[in-house]
Amino acid sequence: MSDEDNLVKASITTTSDIIFANSETNAQISEENGDVLAKDLVNKDIHVKPAWYFGTGFLLFWVLLFFAVVIPLFYRLPTALTIEDDNKGEFIGDRAYNTLNNLVNIGPKVVGSTANEVDTVLFLLNELVEIRKVLRQDYFTMEIDIQRPSGALRYSNMLNMYQGVQNIIVKLSSKNSTSESYLLVNSHFDSQPTSPAAGDDGFMVATMLEVLRVMTTTQQPFEHPVVFLFNGAEETALQASHGFITQHKWAPNCKAVVNLDCAGSGGRDILFQSGPSHPWLVDYYKKSAKHPFATTLGEEVFQSGVIPSDTDFAAFVQYGHIPGLDIAQVINGYIYHTKYDRIDVIPRGAMQNTGDNILSLVRALANATELHDTEAHEEGHAVFFDFLGLFFISYSDQTGQILNYCAAVTMLILVFISVWRMSAVSSVSLAHVLKRILILLALQILALVLGLALPLLIACIFDSFGSSLTYFSSLSLLIGLYVCPSLIGMSLPITIYYQLNRKNKLSFPHHLQLALHSWAVVLALLAIGLTAYGLRSVYIITILIIFYGSSLTLNLLTTFHDRGFSWTGLLMLSQVMPFLYSSYRIYLFLVVVIPMSGRAGSSMNPDLVISLLAALGAIMSFGFLMPLINMFRRPYLIVLCILTVTAITVILATGTQIGFPYRPKASSERVSYQHVRKIFYEYDGTISKDESGYLFSFQDRREAAPMKMRMAGAENMISDCAKHMMCGVPLYDERWVDNRLEGVWLPREIPIEPPAKTELTLLSKTILESNTTARFEFKLVGPDHMSLFIQPYEDDFVAVSNWSFERSYLEDPPPHPLSYHIYFTYGIDSSPLEFYLDISKPNGDFNVPLFQLGVSGHYIGSKGDALSLEFAESFPDYAVLVDWPSSYDRYIF
């Protein structure tokens, strides 16, 4: 019997194709209908494919699914409860919202300012007095304490010193409790300059106050006392939390912490850090969170240091050695740390969402038996994630490893069974089928590389033309700029291969299945390798493998596997869940990271990170879907349509206002600068330099490009950084130091007069008994934010052998060419800083220059003189300014 006769007997009709066969005639379909010629029958590809435009509709369906399901669920919020619901023992979102409004009305709350140290402290104490009035004294006791610690901690490459910062601390206990293990709940009330701090972190302060109020008025006792810490110095590199955990009387009893912070305003709160090494904490979140939103992937990314931020959680873990959960607001990070961080951008539902979660979580942890002996439960890590906010999944790291390995190995076995079955059904040797899948495996690896490389290439090209951040205000541009190129890269190798290899012993449906199998093999190998490396977020790949494996198993158990394109029905159905999850998770990261790209500094091209995220999202979401475009006629036209979308997007991004990154209020350009007066004193006391100007530390890639007319005469800082200690300018904190080489100096002819004088006084110089060491004693008087830069002349074998500061920082100095950096902040206690430096020199000659000492004073809150105000008003309306006067005096001793 001829092959053609066999095909006639095997022909069937499915929903995805129509099979035409005739053993006596050579059927030919007209070209105008776009069907294949009858000569394709000899290749066993006798399936008439739908027209190419159905393929574009196929891809569009998945895009519409994202917008119809993922986006609404991502931004879904509950309705805020009102005062009428007060008798139910629930979190009252309306009341918390009103508390937040009163707190925001105080204005910016910078450490050391009257607003922070007096007004906000009084506000909090008044709120606590009102809560104490409604306390169920028959059930609970409530203690209030004010702490004003001083101390120091190593932060980045600087020594972070603080003096008299303030903590408001409340301990709530059940009267019948005998537990000596406390639960700590923390947020901070201080803010960055200019920010009213409705989001960061007034939102969480108001949440904590309402949680405390509900717990004190509800007849629900709890086993362990709960310590509510309202700390007054987080923005100054975690000072107040360090002061509490290292010095407060209740700190040794705190066995776990729930840290609450914000990197945005409004939306759902996310659990993005847990433990470390205490997976039981995630179990309590799973049981208690009413609106779960969490991911292990966020924890691994945050702890890698990629995200330029930190929270008090780090201080509690590092210095208190206590585990916990780190929860934050992350939506709308554009207004984070700006003057637009106001209450009007926060929906009441967001307050209710967070309050519901935190109240339930605190109640659960306050009754946790593990709190009695947390060390006994210190084992491993947790893998955790939510699915569209609908439910929460968590399991141990060990379980995750077993699951990853089992899913990957099972996938490889299923692929082999499918290959063997294809060989048997098609009467083709197993070696032939294996050869085909190996070819396709190589092509899928190439597709993976292209899917990543093409978006990265576009990111590099845009940056080379000074057009980075075009998507900053228009996230929809990401589809054309990065998602579509990734889809093109994923589809090209396979599509070209099928177009050039029409003749094959396998039927085309089987051949197409091999493309998907090869992608499954790639994922399985990745899962095995990354699990062995130790990544817990491999669970995302495991999800993809499990769902594809499920559809393959069902197809193998039925006749669908060998009935033309019948297998595609179960396949597409199985891809709905992983598509929704993958796109949901990547969208979260894009929403968080894109606003951060506007404050991540100018040294790195942020488009590389964003394009990589978008590409990963496209690859995970469409990895099993893109090969299916070859089910349609002329699939190259589908690829061409995707390319057209990219071309149109490039035109919009580069040739219209849509691609301009910044918008007033909504997504502003951050411009941070100081009005500087710098004076260099030589060894003999004479002044060698007295200059004034504006020192800029641009926070995004475009720097001053959008405002060149306002920056005429500006100079970069590279040459000054090479010549002078710490560039010879008042670098404010660790971010200014890290970004110093991208700093810009704009000279000003009229001298800048700071609001006050930062005074350094040499109290004494004493030669110690060894005669090889001299002690210099100083007194420093100035504003609430100051820095000291210390650099000995090492060419003369001069060294700082001892000082009155933290000894560990002296023994582990910052890397060359950075000098010692003492960052000093005071809160309510403004007494002078007195310190000494012991300078050693082998030859004992101390009548020559020994070291440089730079002193900077930062007058945060002041707007400077009239000329500075005029300069500030010259910036465009899309620029959000954070500026202040400062002084820098360089001495040689």
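Residues numbered from 1 in each chain as written. Predicted model: local features only at pLDDT ≥ 70, side-chain atom pairs only at ≥ 80, totals over all residues. Heavy atoms only, no water.

Novice: Describe the overall build of the protein, with residues and values.
Specialist: Secondary structure assignment for the protein yields 23 helices and 25 strands. The globule rule puts the C-alpha radius of gyration for 893 residues at 29 Å, and the 32 Å found for the protein is close to it. Taking the principal axes of the C-alpha coordinates as reference, the protein spans close to 110 × 70 × 55 Å. A total of 893 residues make up the protein; the buried ones form 59% of that total. Sequence-distant contacts in the protein: of pairs separated by 6 or more residues, those separated by 24 or more amount to 81%. As displayed, the protein has an accessible area near 34,400 Å², and 58% of this comes from carbon and sulfur atoms. Side chains of the protein carry 60 positive and 86 negative charges; the gap between the two charge centres is 6 Å. (Helix = DSSP H or I, 4+ residues; strand = E, 2+ residues; numbered from the N terminus. Rg over C-alpha atoms; globule rule 2.2 N^0.38 Å. Buried < 20%, exposed > 50% of the residue type's maximum accessible area, 1.4 Å probe, protein only. Contact = heavy atoms within 4.5 Å. Areas by Shrake-Rupley, 256 points an atom, 1.4 Å probe, with all protein chains shown as cover. Lys, Arg positive; Asp, Glu negative; His and termini not counted. Charge placed at Lys NZ, Arg CZ, Asp CG, Glu CD.)

Novice: Summarise the sheet that holds strand E19 (residues 773-781); cite the residues concerned and give the values.
Specialist: Sheet architecture is open: four strands sit in the order E18-E19-E23-E21, paired in antiparallel fashion. Of all the strands in the sheet, the pair left with one neighbour each is strand E18 (759-767) and strand E21 (799-803). Shown here is a sheet whose adjacent strand axes are inclined to one another by a mean of 30 degrees, direction ignored. Examined bridge by bridge, E19 and strand E23 (residues 833-840) share eight bridges and lie antiparallel to one another. Residue pairing for E23: Ala774 is matched across the bridge by Ile839. (Pairing = 2+ DSSP bridges. Axes fitted to C-alpha atoms, helices over the stretch in contact; angles between N-to-C directions.)

Novice: Requested: an account of the packing of helix H3 (residues 93-104) against helix H4 (residues 114-133), with residues and values cited.
Specialist: Between H3 and H4, the least distance of the axes is 10 Å, while the angle of their chain directions is 155 degrees. Here H3 lies roughly antiparallel to H4, going by the angle between them. H3 and H4 meet at a crossing whose hand is right-handed. Between H3, through Thr99, Asn102 and Leu103, and H4, the contact on the second element is made entirely by Thr120, Phe123 and Glu127. (Parallel < 35°, antiparallel > 145°, perpendicular 65-115°, else oblique. Left-handed = near helix turned anticlockwise from the far one by under 90°.)

Novice: If you had to explain the side chain of Ser856 to someone new, which residues and values would you point to?
Specialist: Of note, Ser856 is situated in strand E24 (residues 851-858). Side chain to side chain, Ser856 and His858 meet in a polar contact 3.4 Å long. Those residues in contact with Ser856, other than ones at most four positions away along the chain, are Pro730, His785, Met786, Ser787, Ser887 and Tyr888. (Polar contact = N/O pair within 3.5 Å; in protein donor to acceptor, adjacent residues only side chain to side chain.)

Novice: Please set out the confidence of the model for the protein residue by residue, giving values where relevant.
Specialist: On average, residues of the protein score 92 in pLDDT, and 94% of them are at 70 or above. For the stretch residues 1-45, pLDDT sits under 50, and the model shows 57 contacts to residues farther than four places along the chain or on other chains. (pLDDT = per-residue confidence, 0-100.)

Novice: Account for helix H8 (residues 296-303), naming residues and giving values.
Specialist: Among the eight residues of H8, six are classified as buried, and the element is accordingly described as predominantly covered. For H8, the full list of buried residues reads Thr296, Leu297, Gly298, Glu299, Glu300 and Phe302. Structurally, H8 contributes buried residues whose contacts are with strand E10 (269-275), strand E12 (382-387), helix H15 (539-557) and helix H17 (576-596). The N-cap residue of H8 is Thr295: its side-chain oxygen and the backbone nitrogen of Leu297 are 3.0 Å apart. Directly after H8, the chain includes Gly305, whose backbone phi takes a positive value near 90 degrees.

Novice: Quick rundown of the state of the cysteines? Include the residues and the values.
Specialist: In the structure shown here, the tally under the stated rule is one disulfide. Here Cys721 engages in a disulfide with Cys727; their sulfurs sit 1.9 Å apart. Looking along the S-S bond of the Cys721-Cys727 disulfide, the torsion reads about 100 degrees, which is the right-handed sense. Note on Cys727: relative accessible area 2%, which makes it buried. Here Cys641 stays free of any disulfide, with the sulfur of Cys484 as its closest cysteine sulfur at 10 Å. Classification of Cys641 as partly exposed rests on a relative accessible area of 28%. (Disulfide = S-S within 2.5 Å.)

Novice: So what about the packing of helix H13 (residues 477-500) against helix H14 (residues 508-533)? Which residues, and what values?
Specialist: It is at 12 Å that the axes of H13 and H14 come closest, and there the two elements cross at 155 degrees. With respect to H14, the element H13 is oriented roughly antiparallel. Here the hand of the crossing between H13 and H14 comes out right-handed. Contacts from Ile494, Tyr497 and Tyr498 of H13 reach H14 at Phe508, His511, Leu512 and Ala515. Per-class residue counts for the contact of H13 with H14 are six nonpolar, one polar and no charged. (Nonpolar A, V, L, I, M, F, W, Y, C, P; charged D, E, K, R; others polar.)

Novice: Lay out the pairing of strand E9 (residues 254-262) in plain terms, naming residues and giving numbers.
Specialist: Of all nine residues making up E9, eight are buried, and the element is well covered by its neighbours. Bridge count between strand E7 (residues 182-188) and E9: five bridges; the pairing is parallel. Note on E9: the bridge partner recorded for Leu183 is Ala256. Where E9 lies against strand E11 (residues 324-329), six bridges are found, and the strand directions are parallel. For Val257, the partnering residue across the bridge sits in E11 and is Gly324.

Novice: Explain the pairing of E24 to me, and be specific about the residues and the numbers.
Specialist: Among the eight residues in E24, eight count as buried, and that is most of the element. The side-chain alternation of E24 yields two buried faces, one formed by Phe851, Leu853, Val855 and Gly857 and the other by Gln852, Gly854, Ser856 and His858. With eight bridges joining them, strand E20 (residues 785-792) and E24 adopt antiparallel strand pairing. Paired with Gln791 across the two strands is Gln852, which belongs to E24. Here E24 runs beside strand E25 (residues 879-892); their pairing, made up of seven bridges, is antiparallel. By the bridge assignment for E25, Gly857 is matched with Ser887.

Novice: Could you give me a rundown of unusual backbone geometry, with the residues and numbers involved?
Specialist: The step from Asp200 to Asp201 runs through a cis peptide bond, and the omega angle for that step is 5 degrees. For the bond running from His816 to Pro817, omega is 10 degrees, close enough to zero to count as cis. Locating Pro817 in the fold gives a position in the loop between helix H22 (807-811) and strand E22 (820-826). Of note in the backbone geometry, Ser156 takes a positive phi value of approximately 55 degrees without being a glycine. Position of Ser156 relative to the elements: it lies in the loop between strand E4 (151-155) and strand E5 (158-163). Backbone geometry at Thr194 places phi at a positive 75 degrees, although glycine is not the residue there. Tracing the backbone shows Thr194 in the loop between E7 and helix H5 (198-217). Residue Thr194 is classed as partly exposed on the basis of its relative accessible area, which comes to 21%.

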